[in-house]
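Structure at a glance
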Protein chains: 2
Amino acid sequence: MITKKPDSLIYVVDDEFAVRDSLSLLIESTGQAVRSFASAEEFLDGYDPDCPGCLLLDVRMPGVSGLELQELLLNRGISIPIIFISGHAGIPDTAKAFRAGAVDFLEKPFSDGLLLKRVEEAIAIDIANREQREGQDKIQSRLALLTAREHEVMAQIVGGHSNKEVARVMGISNRTVEAHRSSIMEKMQASNLAELIMMVTQAGILEAKPNSGHYPFSGGGG
Amino acid sequence: MITKKPDSLIYVVDDEFAVRDSLSLLIESTGQAVRSFASAEEFLDGYDPDCPGCLLLDVRMPGVSGLELQELLLNRGISIPIIFISGHAGIPDTAKAFRAGAVDFLEKPFSDGLLLKRVEEAIAIDIANREQREGQDKIQSRLALLTAREHEVMAQIVGGHSNKEVARVMGISNRTVEAHRSSIMEKMQASNLAELIMMVTQAGILEAKPNSGHYPFSGGGG
DNA sequence: TAGGCAATGCGTATAAATACCTAGCTTGGG
DNA sequence: CCCAAGCTAGGTATTTATACGCATTGCCTA
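Predicted, not measured: the structure shown is a model, and the values here were computed from it.

**Considering the domain arrangement of chain A**
- Segmenting chain A into domains produces domain 1 (9-134) and domain 2 (144-202).
- Once you take the C-alpha centre of each, domain 1 of chain A and domain 2 of chain A turn out to be 44 Å apart.

Printed below as a string of structure tokens:
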């Protein structure tokens, strides 16, 4: 094909054309693909959930503000890393953005180098998050194949109980537990107890911490 | 005893007496214990690592600033949740604070209710972090009991390999592997393969993400 | 130098898991 | 009404894991 799909996409959302234009030029100079939008609605329409990327988002915009878009994305389960950009924002907005998971908050004017560094960082975060979610989704789809009874048995097994114990607790025969266990291992595509436990643990983290999203950082570095 | 030890401690660090005083009074009115310090150095001296709590920290102070203290605490591995308080701070400082793991950043004047809410939140975070670290420390101390050979064997076992496979890969006898396995289970105080795997997984997370620290949040809520 | 510990190995025995097979019962859908 | 699917259970055989005890070698330390 002629127009090849980029491996990552930077979205720029700002109501001012001049800002979109200069940001686009800056980022495109590094060879990365950019898509610009003048409003939150346009972005939601043009967002490609299948491509890793990050979002450069203006805080103040007519209509849906940047912070409102952030909340909207959270509610929709869209977890693209957001770098806020603002000319004159206050501490409360900044704090709110960060507490809602923003990767960074840059005040204009900022250095080109800093922005590009943050963009790179954000994309790396998104890629890592996507990989993690991909693995979790695969496990979830396997878990969906299990029957209710198999779920019960699996919980016991992962909890460290032997077939005999499971049989006693559930009030069924040893053979029945073995049969369930066998189909569990097959459906989960686990060749070991170890693998099964790893899968359940990974999927369990998904359920326990739905929004840990970003932040594989250690320190400030800014 | 007469002076009972509080279950949590709020540290207030600000160079202005008036600020320390009003914050202390506000927090003490909820029945929580407070310790005030006029400088970063004083705080470092009076900090009790064994008691859960949080830190209300002024950004600008003569000598070591709030942000510098935050970095200092990070470097020393002290992970007390920090709520920054500032009269006139900029976005860059706010962003830096959050990126370094701050729980919140409040601009004066702020409502008493908001502060108290954040303090409660921060303490909950610290307690959760401490519980997690406690568990990990316990596992680490057990791992330290293992010999080098036992570590190798454990890695294989947790990786899902049977004793026979481990024996073949390591070039030793089946019986030797069994002996190692037995002492591993004993030293790790695991009664199951499942428990052993859980422990190693938990400890492994510790090594992989040393600074995920705070942030069990979902959204802004402020 | 003696004792302790780690690593290695063997024997024996029991317990548990796995891999095959078959089969009755129930429930929901074509 | 029958078939598919799920839950149940038994038989048999093999493979693994566990739990005892015992012995040798090498290294480090009291």
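**Comments concerning the pairing of strand 1 (residues 9-13) of chain A**
All names here are of chain A.
- Counted residue by residue, strand 1 has five buried out of five residues, so it is predominantly covered.
- A two-sided burial pattern is seen for strand 1, the buried positions comprising Leu9, Tyr11 and Val13 on one face and Ile10 and Val12 on the other.
- Inspection of the sheet shows strand 1 paired to strand 2 (residues 33-37) by five bridges, in the parallel sense. The partner of Val13 across the bridge, within strand 2, is Phe37.
- Where the polypeptide runs from strand 1 across helix 1 (residues 17-28) and back to strand 2, its parallel neighbour, the crossover connection is right-handed.
- Two strands pair when backbone bridges link them, and strand 1 and strand 3 (residues 53-58) are joined in this way by five bridges, in the parallel orientation.

**Let's talk about the sheet that holds strand 1 (residues 9-13) of chain B**
Residue and element names in this part refer to chain B.
- Here we have five strands laid out as an open sheet, ordered 2-1-3-4-5, and parallel in their pairing. On the outer flanks of this sheet lie strand 2 (33-37) and strand 5 (104-107), each paired with one strand and no other. Put simply, the sheet's adjacent strands are angled 20° from each other on average, direction ignored.
- Pairing between strand 3 (residues 53-58) and strand 4 (residues 82-86): four bridges, direction parallel. Each bridged residue has a counterpart across the sheet, and for Leu57 the counterpart in strand 4 is Phe84.
- Its contacts with the sheet place helix 1 (residues 17-28) against strand 1, strand 2, strand 3 and strand 4, and it is angled at close to 170° to strand 2.
- Against the sheet, helix 4 (residues 91-99) engages strand 4 and strand 5, with an angle of about 150° to strand 5.

**Overview of the protein's contact with DNA strand C**
- In the vicinity of DNA strand C there are 13 residues, among which A:Lys164, B:Thr147, B:Ser173, B:Arg175 and B:His180 approach most closely.
- A:Asn163 places a main-chain nitrogen or oxygen 3.0 Å from a phosphate oxygen of DNA strand C.
- In the environment of DNA strand C, a phosphate oxygen lies 2.5 Å from a nitrogen or oxygen atom belonging to the backbone of B:Ser173.
- Listing elements by their share of the surface near DNA strand C, those giving two or more residues are helix 7 (163-170) and helix 8 (174-187) of chain A together with helix 6 (148-158) and helix 8 (174-187) of chain B.
- Looking at which element gives the most residues to the surface near DNA strand C, the answer is helix 8 of chain B, with three residues.
- Its residues assigned to classes, the surface near DNA strand C comprises two nonpolar, six polar and five charged.

Criteria and cut-off values
- Residues numbered from 1 in each chain as written.
- Chains lettered and ligands numbered in written order.
- Predicted model: local features only at pLDDT ≥ 70, side-chain atom pairs only at ≥ 80, totals over all residues.
- Heavy atoms only, no water.
- Domains from an automatic or database assignment.
- Buried < 20%, exposed > 50% of the residue type's maximum accessible area, 1.4 Å probe, protein only.
- Helix = DSSP H or I, 4+ residues; strand = E, 2+ residues; numbered from the N terminus.
- Pairing = 2+ DSSP bridges.
- Right-handed = clockwise from strand over helix to strand, strands pointing away.
- Axes fitted to C-alpha atoms, helices over the stretch in contact; angles between N-to-C directions.
- Contact = heavy atoms within 4.5 Å.
- Near = heavy atom within 4 Å.
- Polar contact = N/O pair within 3.5 Å; in protein donor to acceptor, adjacent residues only side chain to side chain.
- Nonpolar A, V, L, I, M, F, W, Y, C, P; charged D, E, K, R; others polar.

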